[in-house]
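Remarks on the overall topology
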Amino acid sequence: QVQLVESGGGSVQAGGSLTLSCAASGSIFSINTMGWYRQAPGKQRELVAVISSGGMTNYAASVKGRFTISRDNAKNTVSLQMKSLKPEDTAVYYCSHRGGPYNYWGQGTQVTVSS
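1. Considering the overall build of the protein
- Broken down by element type, the protein carries zero helices and 11 strands.
- A compact globule built from 115 residues should have a C-alpha radius of gyration of about 13 Å, and the protein, at 13 Å, falls within 12% of that.
- Overall size of the protein, expressed as C-alpha extent along the three principal axes, is 40 × 25 × 20 Å.
- Per-residue burial for the protein yields a buried fraction of 40% across its 115 residues.

2. Quick notes on the pattern of salt bridges
- Scanning the model with the defined rule gives three salt bridges in all.
- Taking the shortest distance from any N to any O, the salt bridge between Glu46 and Arg38 comes out at 2.8 Å.
- Judged by relative accessible area, Glu46 falls into the partly exposed class, the value being 38%.
- A residue is classified by how much of its surface remains accessible, and Arg38, at 6% relative accessible area, is buried.
- With its nearest N and O atoms 3.0 Å apart, the salt bridge here joins Asp89 to Arg38. With a gap of 51 residues between them, Asp89 in the loop between β8 (77–82) and β9 (91–99) and Arg38 in strand β4 (residues 33–39) connect regions that are remote in the sequence. Considered together, Asp89 and Arg38 belong to a single accessibility category, that of buried residues.

Thresholds applied
Residues numbered from 1 in each chain as written. Predicted model: local features only at pLDDT ≥ 70, side-chain atom pairs only at ≥ 80, totals over all residues. Heavy atoms only, no water. Helix = DSSP H or I, 4+ residues; strand = E, 2+ residues; numbered from the N terminus. Rg over C-alpha atoms; globule rule 2.2 N^0.38 Å. Buried < 20%, exposed > 50% of the residue type's maximum accessible area, 1.4 Å probe, protein only. Salt bridge = Lys/Arg side-chain N within 4 Å of Asp/Glu carboxyl O.

See below:
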């Protein structure tokens, strides 16, 4: 089992910034991918950004150039720096940890961007 604890959500005006953080603990595979997904009301959960333990990243087209994902392998943490936030970024953001055949999710943190 892997436990994921998220922090950093909140409310911000359009154009503002927020940073989300996630700490993983438990049975962590040394080779893994961590990242962030989001789910807006009435929509499916979608990928925001992921980063492998080797440092390879993948971003949704809608956030490229505005969001930056990073991780600290020694601390098993992943962060998402979000800039130039838009109202359409409003969603519950979920931390994800994928290793071996397993995929774990955090409890989610709300991000609300007002116009």
